[in-house]
Every structure is written in structure tokens, then in C-alpha cells.
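Commentary on secondary and tertiary structure
Below are the chains, spelled out letter by letter.
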Amino acid sequence: MQNFDYMTPTRLIFGKDCIGKLPEVMEKIGKKVLLTYGGGSIRKIGLYDKVKELLSDFDIIELSDIQPNPKYDPSVLDGVKLCKENNIEVILSVGGGSVLDCSKAIAAGAMYDGDPWDLISYKVKAKAALPIVDIITLAATGSEYDCGGVISRTETNDKIGYIDEHLYPVVSFLDPTYTFTVSKKQTAAGCADAMNHIMEQYFCEDSSILNDGFMEAGLKSLMVNARKCLADPEDYTARAEMMLTCTYGCNGIYALGNSYTGWPCHGMEHALSAYYDITHGEGLAIITPRWMKHILSDKTVSRFVKYGVNVFGIDSGLGDYEMAEKAIQATYEFFESIGIPMHLRDVGIDESRIGEMARHVAENEGLENAWVPLSEKDIADIFTASL
Ligand code: NZQ
Ligand code: ZN
């Protein structure tokens, strides 16, 4: 087991109607609020009105229309400007991971005098950030329990995972009923994203019985509950378990003491959504089984055996490579069975920019240090196999 230094300062408030506690939570943090949200889903589910009613005696400025794969320009820049002009004290993010990620970048940018891109691109380390409270409405990213945000800059085809310990939300409200309206496409993509968060931590050199069991249970929980949510979008128990399993995703708790993995599928997917603005979870589902095939070797086969036997119930009497290949096939088939398009061409990506994307990933994502190091050629091969 590796050494670690771990703390999650975020308070989770979970369950039906939990946002009743919003005023008392916000009262302690600040009265001047930047309310951030996306393209309208929170209005459709009545959450916008509910928040405005609960915070009727707060001073609220709004930033709306934050898009999936949130953009530096205009959303982050507009948000920073609003915070500075209005002396905002707290950001309230209401929506999915994109709204929350954008809010995190705004929170850091609001406390910095220069160009916020300096922070996101790690040229300058943030000294502080505005406090963030969120009401998460989509089970997927785990942004509600971690200190990262992923920001896209269209003109440079950058999609950067901006991680800084100042960016943990102070409080996250998780009410599963707000996820009842999440579409089948986003429910499946959220499941694939959260499964991949676990896989990115599971496939490594040094793990423990404890962590493997926790992650295998997480994967099984996501698969069972995603199917239930797709069959009955208002199944509270399934939406609730899915929400909590997703929340653990990127906060480190699944893999305390495990060795470094490099999160290779995320590194590669960032290029796909940066160049083509596709749905993050779909890009991951497409790449994952191809990456698995690509890295299967004597070094990695025992991890795939464990994964296959414990997560998919593959017959442990078979040969190692047969079990590993069945595990990879089962991964592919699960994603396909929940309706995810399983080829890059299905999401509008052809071979024309594979070379350029592979170079971008090789130069920016550090995958030469992944558990199984990936060169530019490896990355291009995985993209090509995903077509
Ligand atoms: O914009 P609105 O109208 O709100 O609609 C959204 C959006 O169109 C809709 N939606 C959200 N909640 C809904 C709903 N529709 C109906 N009912 C609801 N309750 O869903 C669409 C997608 O929303 P988005 O926020 O983009 O999805 P998600 O939460 O999956 O976030 C994806 C982003 O998070 C990043 C991804 O790269 C991507 O940019 N990630 C962030 C991570 C983190 N901070 O730790 C880790 C992840 O690996 C991921 O990379
Ligand atoms: Zn992800």
C-alpha cells in the first residue's frame, strides 16, 4: 500500500427534499450569491423556482446557459466578471457536472487578478477560491465530492481537468428525485462515466482486497441500478444508489493507497470531446474496451481476470487470457445493452483528425506515465480501433 494524504472537506446532504436546508446552509456562507445553471432543465423540473423561493431574501445574480463540456469563453469569463462586479460571496451551482465544473473555475478566477486561464492551465496556482454550494441534478461525474472541474477552450481544442484543493464544494445537496427527468441517453452516459472513474482506479499495479471489493461493488451497483433507472426513471431507490455511487467517483476514496494509474481513458476522451464536443460518458464507453484490449498482456492479465470473475461472474476455471477477453467483451456488451453508441463514427468522429488528436493527448495528458504507458502511436491505434 502506498502512502497517502487524504481529506474531503465537502459536506454531503442527501435525500428527498433535502434542499429544505439550503437557506440555513447559505446563510452561514454569504448573502450575495451567483446562481449558475445550464440550458433550462432546472426550470422544467421546478428547481429554479424552488431555489428562488427558498432564497427570497438573498441577493442573487444569475449566470445561465452553461453548456455540456463547459466553455471557458463565454461561461467562465462571464462568471468571473459577474463575481467581481457584484462582490459575490458564494456560488450556488444548480445542475449537472458541467455547471458545477464551470462554477469551480469561476470560483478560482474570481479571486485572481490575472487571466483565469493561467489557473486552469496550471501556469499559476490559485491562492483562494470563492465558496461553492451545489445542488447536483445528474448522477455521473462526482464533481459534487471532488476538487476538479473540466473546462473546454474551443479555439485551442483544449479540454483540461483543472484540479485544485480550493475547489471542493463546501456543501453538496443530493436529492435523487431531481434526477428522475434525466434522459435515457444521459442516464446511460452517466453510468458509463462513473464506471470508468472506477476502472481508471481499479486497473493498477498495487491495490488491496479492501479497495478491489469496494470498486467491484461500485461497478456492480452502477450496472444493476442503471438498468433499473432506464426501465423506470422514477425508481427512487435505484436513482438514489446510482447517485451515491457516482458521488464517490473522483474523490479518491475508492483507491486510497493504490498506485498511480494516469487515468488513460479520461486523457484520451478529453481530446474527443474537445475536438468534437461529444458526450463525455459516451466517448469513454467507446474507448474503454478498445483500451482494455490494447493493454492486455502478461503484466495486466491478472487484473482483468479478477475484474471478470468478481464483476461479471466469469467462470474462474477458464484460462487467464480467455477470462480476460470475456471480461473485455462483457464490458463492451454492457455499454451496448444500455443504449450507448459503441463506435466513434456513431457520434460523428471519423479518421480524419485521429493523428492530430493523438498528438494532442500525447503532448498534454502525461500518458507516458500511465500504469501501462501509452505513446502517441498507442493512442492513435486505440482511436482507430474505436472507429
Ligand atoms: O443544461 P441543462 O438544461 O441543465 O441540461 C443538461 C445537459 O443538457 C441535462 N440535465 C442535467 N440535469 C438534468 C438534465 N436533464 C434533465 N433532468 C435533469 N435533472 O443533461 C445534459 C448534460 O449535462 P452535463 O452537466 O453536461 O452532464 P454531466 O453531469 O455528465 O457532466 C459532464 C461534464 O463533466 C465533466 C465532463 O468532462 C463533462 O464536461 N467531468 C467532470 C468531472 C469532475 N469534475 O470530477 C469528472 C468527469 O470525469 C468528467 O470529466
Ligand atoms: Zn469522467
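Before reading on, note that the structure itself is shown above.
In short, a report on the structure. A quick note: this is a predicted structure, and the numbers were derived from the prediction, not measured.

The rules behind each value
- Residues numbered from 1 in each chain as written.
- Chains lettered and ligands numbered in written order.
- Predicted model: local features only at pLDDT ≥ 70, side-chain atom pairs only at ≥ 80, totals over all residues.
- Heavy atoms only, no water.
- Donors = N, O, S within 2.8 Å, 3.2 Å for Na, K, Ca; no water.
- Helix = DSSP H or I, 4+ residues; strand = E, 2+ residues; numbered from the N terminus.
- Buried < 20%, exposed > 50% of the residue type's maximum accessible area, 1.4 Å probe, protein only.
- Axes fitted to C-alpha atoms, helices over the stretch in contact; angles between N-to-C directions.
- Parallel < 35°, antiparallel > 145°, perpendicular 65-115°, else oblique.
- Left-handed = near helix turned anticlockwise from the far one by under 90°.
- Contact = heavy atoms within 4.5 Å.
- Nonpolar A, V, L, I, M, F, W, Y, C, P; charged D, E, K, R; others polar.
- Pairing = 2+ DSSP bridges.

A separate point is the coordination of the zinc ion (ligand 2). Every protein donor of the zinc ion (ligand 2) is listed here as Asp193 (OD), His197 (NE2), His266 (NE2) and His280 (NE2), and their distances to the metal cover 2.0 to 2.2 Å. On the primary sequence, the residues serving as donors to the zinc ion (ligand 2) are separated as D-x3-H-x68-H-x13-H. Residue histidine 197 is located in helix α7 (residues 184-202), and its partner histidine 280 is located in helix α11 (residues 280-295); the two are separated by 83 residues in the primary sequence. With respect to burial, histidine 197 and histidine 280 carry one shared label: buried.

What follows covers unusual backbone geometry. The amide bond that connects aspartate 73 to the next residue, proline 74, takes the cis arrangement and shows omega of 20 degrees. Even without being glycine, tryptophan 263 reaches a positive phi, approximately 45 degrees. You can see tryptophan 263 is positioned in the loop between α9 (236-247) and α10 (264-276). With a relative accessible area of 25%, tryptophan 263 lands in the partly exposed category. Notably, aspartate 277 is not glycine yet its phi reads approximately 50 degrees, a positive angle. One can find aspartate 277 in the loop between α10 and α11.

The next point concerns the packing of α7 against α11. Relative orientation and spacing of two packed helices are given, respectively, by the angle between their axes and the distance between those axes. At their nearest, the axes of α7 and α11 sit 7 Å apart, and the two run at 45 degrees to each other. With respect to α11, the element α7 is oriented oblique. Here α7 and α11 pass one another in a crossing that is left-handed. Along its contact with α7, which presents Lys185, Ala189, Ala192, Asp193, Asn196, His197 and Met199, the element α11 presents His280, Gly281, Glu282, Leu284, Ala285, Thr288 and Met292. Classifying every residue of the contact of α7 with α11 gives six nonpolar, five polar and three charged.

Neither face of strand β8 (residues 171-174) is left uncovered, since the one carrying Val171 and Phe173 and the one carrying Ser172 and Leu174 both have all their residues buried. Across four bridges, strand β1 (residues 11-14) lies against β8 in parallel orientation. Note that in β8 the partner of leucine 12 across the bridge is serine 172.

Mapping aspartate 320 onto the fold places it in helix α13 (residues 320-337). The sequence separation of aspartate 320 and valine 301 amounts to 19 residues, and the corresponding C-alpha distance is 6.8 Å. Apart from the residues lying within four places of it in its own chain, the contact partners of aspartate 320 are Val301 and Val305.

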